[in-house]
Amino acid sequence: MRGKFLAHIATAAITDPAEVEAQCSAYGFEYDKGAIFCNIPELGWEGDNYVYCRYGLSFPYLRIQDGWKLLIEPTIVENDGEKKRWFYTGIADCGGDDGVTPDTDMQMLLKFVSQVIYASGTELHLGSQDCDEPLVKGNTLKEWCESVDDALDAIIQWGGTGVAPGPGGGISPLSGATASEFDDEALSEEVFTE
């Protein structure tokens, strides 16, 4: 009995939903949403010898791509040892097909159809590992925009001069809405994109 229910490493072979559904029709069985066809080289199932695998990942939905290495597990094993009804339950060798190798400083968290999310130390990179455009902090941007709005209102109220009339005059309402203050406070030091 030992080893009978071990997961196998498979290669995703047909992952486009329309193509998977067409292959299901050709085989004469019903398509399950999220299902794909795989090859399992270690069992000799390669080329056009496909295994139908239903979705079994813990993510709500992740679009698997052709060529990805997956962990697949049978949920039914007959008395003669034949494995049936496969689910793919994990992603293996997640370094990807573009030469990225995970190490202790960088892990590829999720790869979507064309974008990647990387975590490196305390930084998060959206799109590519070396993107360097900082994201803007929403609350800080909102406060800065409100200070600019208040300053513009004051300029209009003071006759367009930007200086308060009367005693205490000479104070510019724009003192709290400088571009350098925005750069220092509103740009993230931890989240970057392309």
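Criteria and thresholds
Residues numbered from 1 in each chain as written. Predicted model: local features only at pLDDT ≥ 70, side-chain atom pairs only at ≥ 80, totals over all residues. Heavy atoms only, no water. Helix = DSSP H or I, 4+ residues; strand = E, 2+ residues; numbered from the N terminus. Buried < 20%, exposed > 50% of the residue type's maximum accessible area, 1.4 Å probe, protein only. Contact = heavy atoms within 4.5 Å. Areas by Shrake-Rupley, 256 points an atom, 1.4 Å probe, with all protein chains shown as cover. Core = buried A, V, L, I, M, F, W, Y, C linked by side-chain atoms within 4.5 Å. Phe/Tyr/Trp six-rings, centres within 6.5 Å; stacked < 30°, edge-to-face > 60°. Patch = residues over 30% accessible without salt bridge, like charges linked within 9 Å, V, L, I, M, F, W, Y side chains within 5 Å. Salt bridge = Lys/Arg side-chain N within 4 Å of Asp/Glu carboxyl O. Lys, Arg positive; Asp, Glu negative; His and termini not counted. Charge placed at Lys NZ, Arg CZ, Asp CG, Glu CD. pLDDT = per-residue confidence, 0-100. Arc of directions from axis to C-beta.

Asker: Is there a simple way to think about the overall build of the protein chain in this case?
Answerer: Tallying secondary structure elements over the protein chain gives three helices and ten strands in all. Expressed as a percentage of its 194 residues, the buried residues of the protein chain come to 29%. Within the protein chain, contacts between residues at least 6 apart in sequence are counted, and of these 51% link residues at least 24 apart. Split by element, the accessible area of the protein chain, about 12,200 Å² in all, is 52% carbon and sulfur.

Asker: Can you help me understand the nonpolar core in this one?
Answerer: One broad rule of soluble globular proteins: the nonpolar side chains tend to lie buried together. With 16 residues, the main nonpolar core has Ile36, Cys53, Ile64, Leu70, Ile72 and Tyr88 as its most contacted residues. Mapped by element, the contributors of at least two residues to this core are strand E1 (8-14), strand E2 (36-39), strand E3 (51-55), strand E4 (69-77) and strand E5 (83-92). The dominant element in this core, judged by the number of residues it contributes, is E3, at three residues. Residues in contact with Leu70, not counting those within four places in the same chain, are His8, Ile9, Ala10, Ala12, Ile36, Cys38, Ile64, Tyr88, Gly90, Ile91 and Ala92. With seven residues, the next largest nonpolar core counts Ile14, Ala35, Phe37 and Tyr52 among its residues.

Asker: In this structure, what is going on with the packing of aromatic side chains? I would like to understand it.
Answerer: Two aromatic rings, taken as a pair, are described by how far apart their centres are and by the angle between their planes. This structure, assessed with the given rule, holds eight aromatic pairs. Aromatic side chains Phe29 and Tyr52 sit 4.9 Å apart centroid to centroid with 70° between the ring planes, which places their arrangement in the edge-to-face category. Within this pair, whereas Phe29 is found in the loop between helix H1 (17-27) and E2, its partner Tyr52 is found in strand E3, the two being separated by 23 residues in sequence. Tyr52 sits in the buried class, given a relative accessible area of 17%. Note on Trp45 and Trp86: the rings are 6.1 Å apart at their centroids and 85° apart in plane angle, and the pair reads as edge-to-face. Note that Trp45 is positioned in the loop between E2 and E3 and Trp86 in strand E5, a separation of 41 residues in sequence.

Asker: Just to check I follow, could you spell out a negative patch on the surface for this structure?
Answerer: On the surface, a cluster of negative charge is contributed by Asp130, Asp132, Glu133 and Glu194. In this fold, Glu133 is placed in strand E9 (residues 133-136).

Asker: How should I be thinking about the confidence of the model for the protein chain in this particular structure?
Answerer: Regions with low pLDDT should not have their predicted coordinates read in detail. Averaged over all residues, the pLDDT of the protein chain equals 75, while 66% of them reach at least 70. Taking the mean pLDDT of every element in the protein chain, the minimum, 50, falls on strand E6 (residues 106-111) and the maximum, 94, on E2.

Asker: Would you mind showing me how to read H1 here?
Answerer: Each α-helix turn comprises 3.6 residues. Residues three or four places apart therefore point the same way. Among all positions of H1, only Val20, Gln23 and Cys24 are buried. Buried residues of H1, viewed axially, fall in a sector of 105°; they line one side. Turned more than 90 degrees off the buried face of H1, the exposed positions are Ala18, Ser25 and Ala26. Of the residues flanking the end of H1, it is Gly28, one or two places downstream, whose phi is positive at about 85°.

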